[in-house]
Amino acid sequence: MTTSATDHQPAPAARESALIPVGVLGARGRMGTEVVKAVNDAEDLELVAMVDDGDWLFNVADAGAQVVVDFTRPDVVMDNIRFCIDNNIHCVVGTTGFDEARLATVAEWLEPKPEVGVVIAPNFGIGAILLMRFAQEAARFFPSVEIVELHHPDKVDAPSGTAVRTARLVASARRAAGLPASPDATTDSLPGARGADVEGVPVHAVRLTGLVAHQEVLLGAAGESLTLRHDSYDRASFMPGVLLAVREITRRPGLTVGIESFLGL
Ligand SMILES: NC(=O)C1=CN([C@@H]2O[C@H](COP(=O)(O)OP(=O)(O)OC[C@H]3O[C@@H](n4cnc5c(N)ncnc54)[C@H](O)[C@@H]3O)[C@@H](O)[C@H]2O)C=CC1
Ligand SMILES: O=C(O)C1=N[C@H](C(=O)O)C[C@H](O)C1
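Going by the annotation in an unreviewed UniProt entry, the name recorded for the protein chain is 4-hydroxy-tetrahydrodipicolinate reductase, with Blastococcus saxobsidens given as the source organism. The heading Subcellular location (unreviewed entry) in the UniProt record of the protein chain holds the text "Cytoplasm". For the record of the protein chain, the UniProt heading Function (unreviewed entry) holds the text "Catalyzes the conversion of 4-hydroxy-tetrahydrodipicolinate (HTPA) to tetrahydrodipicolinate."

Attention shifts here to the site of ligand 2. Close to ligand 2 lie Thr96, Pro122, Asn123, His151, His152, Lys155, Asp157, Ser160, Gly161, Thr162, Ala213 and Phe238, which account for all nearby residues. Between an oxygen atom of ligand 2 and a side-chain N or O atom of His152, the distance comes to 2.9 Å. A distance of 2.5 Å separates an oxygen atom of ligand 2 from a polar atom in the side chain of Thr162. Relative to its free-state accessible area of 320 Å², ligand 2 is covered by the protein chains to the extent of 84%. Here the residues of the shell around ligand 2 are counted per class, giving three nonpolar, seven polar and two charged.

Of all residues adjacent to ligand 1, which total 22 residues, the nearest are Arg30, Met31, Asp52, Thr96 and Phe124. A distance of 2.5 Å separates an oxygen atom of ligand 1 from a polar atom in the side chain of Asp52. Within the backbone of Asp53, a nitrogen or oxygen atom sits 3.3 Å from a nitrogen atom of ligand 1. Across the complex, the protein chains shield 84% of the 860 Å² of accessible surface that ligand 1 would expose by itself. Of the residues in the shell around ligand 1, the class split is eight nonpolar, seven polar and seven charged.

Here six strands make up an open sheet; going across it, the order is S2-S1-S3-S4-S5-S11 and the pairing parallel. Sheet topology places strand S2 (45-51) and strand S11 (254-257) at the edges, where each strand pairs with a single neighbour. Within this sheet the neighbouring strands show an average axis-to-axis angle of 20°, counted without direction. Across three bridges, strand S4 (residues 90-93) lies against strand S5 (residues 117-120) in parallel orientation.

Turning next to the domain arrangement of the protein chain. As assigned here, the protein chain comprises domain 1 (20-120 + 236-262) and domain 2 (126-183 + 193-233). Computed over C-alpha atoms, the centres of domain 1 and domain 2 are 27 Å apart. For the domain 1 face of the interface with domain 2, the top three residues by lost area are Arg30, Thr96 and Glu260, together amounting to 46%. Scanning the region where domain 1 abuts domain 2 turns up two salt bridges. Residues Asp154 and Arg30 are paired through a salt bridge, measuring 3.9 Å at the closest nitrogen-oxygen approach. For the side of domain 1 that touches domain 2, the per-class residue count stands at four nonpolar, two polar and two charged.

Here the UniProt-annotated "domain: Dihydrodipicolinate reductase N-terminal" (unreviewed entry) positions come out as residues 20-124. A distance of 20 Å separates the end C-alpha atoms of residues 20-124, which is 36% helix and 24% strand.

What follows deals with the side chain of Asn123. Along the chain, the position of Asn123 falls in the loop between S5 and helix H6 (126-138). In terms of polar contacts, Asn123 uses its side chain to reach the backbone amide nitrogen of Gly125, at 2.8 Å. Setting aside residues up to four positions removed in sequence, Asn123 forms contacts with Ala128, Ile129, Met132, Thr162 and Phe238.

What follows is about the packing of H6 against helix H7 (residues 161-176). The N-to-C vectors of H6 and H7 enclose an angle of 25°; their axes lie 8 Å apart at closest approach. Our classification of the angle between H6 and H7 gives roughly parallel. Relative to H7, H6 is oriented so that their crossing is right-handed. Of the residues in H7, those touching H6 at Met132, Ala135 and Gln136 are Thr162, Arg165, Thr166, Leu169, Val170 and Ala173. Considering only residue class, the contact of H6 with H7 consists of five nonpolar, three polar and one charged.

With that out of the way, let us pick up the pairing of strand S10 (residues 224-232). By the bridge criterion, nine bridges tie strand S9 (residues 213-221) to S10 in an arrangement that is antiparallel. Following the sheet pairing, Leu219 is matched in S10 by Leu226. Linkage of S9 to S10, two consecutive antiparallel strands, is achieved through a turn of two residues, within which Gly223 is found at a positive phi near 75°.

Here we take up the nonpolar core. In a soluble, globular protein the nonpolar side chains are often hidden away together inside. Counting residues in hydrophobic clusters, the biggest one holds 30 residues, and the most contacted among them are Val92 and Phe124. Only strand S1 (20-25), helix H2 (30-41), strand S3 (67-70) and helix H8 (239-249) provide two or more residues apiece to this core. It is H8 that provides the largest number of residues to this core, a total of six residues. For this core, the two domains that each supply at least three residues are domain 1 (20-120 + 236-262) and domain 2 (126-183 + 193-233). Setting aside residues no more than four positions away along its own chain, Phe124 makes contact with Phe71, Val92, Val93, Gly94, Ile129, Ser237, Phe238, Gly241, Val242, Ala245 and Ile259.

Rules behind the numbers
Residues numbered from 1 in each chain as written. Chains lettered and ligands numbered in written order. Predicted model: local features only at pLDDT ≥ 70, side-chain atom pairs only at ≥ 80, totals over all residues. Heavy atoms only, no water. UniProt positions renumbered as here; feature names shortened; annotations may be inferred. Near = heavy atom within 4 Å. Polar contact = N/O pair within 3.5 Å; in protein donor to acceptor, adjacent residues only side chain to side chain. Areas by Shrake-Rupley, 256 points an atom, 1.4 Å probe, with all protein chains shown as cover. Nonpolar A, V, L, I, M, F, W, Y, C, P; charged D, E, K, R; others polar. Pairing = 2+ DSSP bridges. Helix = DSSP H or I, 4+ residues; strand = E, 2+ residues; numbered from the N terminus. Axes fitted to C-alpha atoms, helices over the stretch in contact; angles between N-to-C directions. Domains from an automatic or database assignment. Buried area = accessible area lost by both parts, 1.4 Å probe. Salt bridge = Lys/Arg side-chain N within 4 Å of Asp/Glu carboxyl O. Contact = heavy atoms within 4.5 Å. Parallel < 35°, antiparallel > 145°, perpendicular 65-115°, else oblique. Left-handed = near helix turned anticlockwise from the far one by under 90°. Core = buried A, V, L, I, M, F, W, Y, C linked by side-chain atoms within 4.5 Å. Buried < 20%, exposed > 50% of the residue type's maximum accessible area, 1.4 Å probe, protein only.

Shown next as structure tokens:
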């Protein structure tokens, strides 16, 4: 008996079962809406649940989601992660508001579930991730550093999660290089004028109509400065990183912070 190329194609049911079933939390929000579109457009993913405020969270488990993407709010994200871990669902989390204590809690929840993966990333934009890496590299060469993040005025948290992570990475590189505090003679200032102090790095937050998500890292030395800047003009910029994380997390058990390792960085 001869076989044609079509004889080797999987049956429709088998093809469907190869798709990764994805649930989206915060599905009606700015990022959630974009994620829903991106998942629907991806040939290897299947959108099985959309949940927003007031919806039944159990929908994602009932629908058989293998991966959940969370773009909600800092005050609800921990409950969502707990639910997913308890229900053996991998999580891709873009929601901000994670400090060391929260990350430790998630790692603790994962201990009895060695097969479940959670990735928490303050920024899925490839350019923003590279900016963080470049800032970390440059930090040891400059006595002065400050960060300015600029966002749309509907953002509820300040400074941005990305700026806080960038400041921590820069501060850590400065400590490793033995650099002292950035010079600053200010003794008289209005509250907030010098920004938020994140591990010794001043972080300034701008909220401006028309902006999406932007960040500058300003590094200064005698007679020169280096400015690193990244701009997300559209939330589409986050989608390649989100989709990469959805695909990777099914084979990355445990807690991953940032998607740098998924990008080979
Ligand atoms: N990691 C990254 O690359 C990015 C992270 N973000 C972060 O993502 C988060 C969301 O940002 P946006 O989409 O701009 O906010 P948004 O306010 O437009 O969307 C949040 C959505 O979550 C919904 N929500 C609230 N409580 C919920 C619950 N218990 N269950 C399900 N849904 C719930 C809200 O109704 C809303 O639709 C923020 O923390 C933001 O900083 C935003 C852009 C990129
Ligand atoms: O709220 C936003 O818009 C963004 N939030 C993230 C953050 O706080 O860093 C990522 C990006 O800056 C957009």
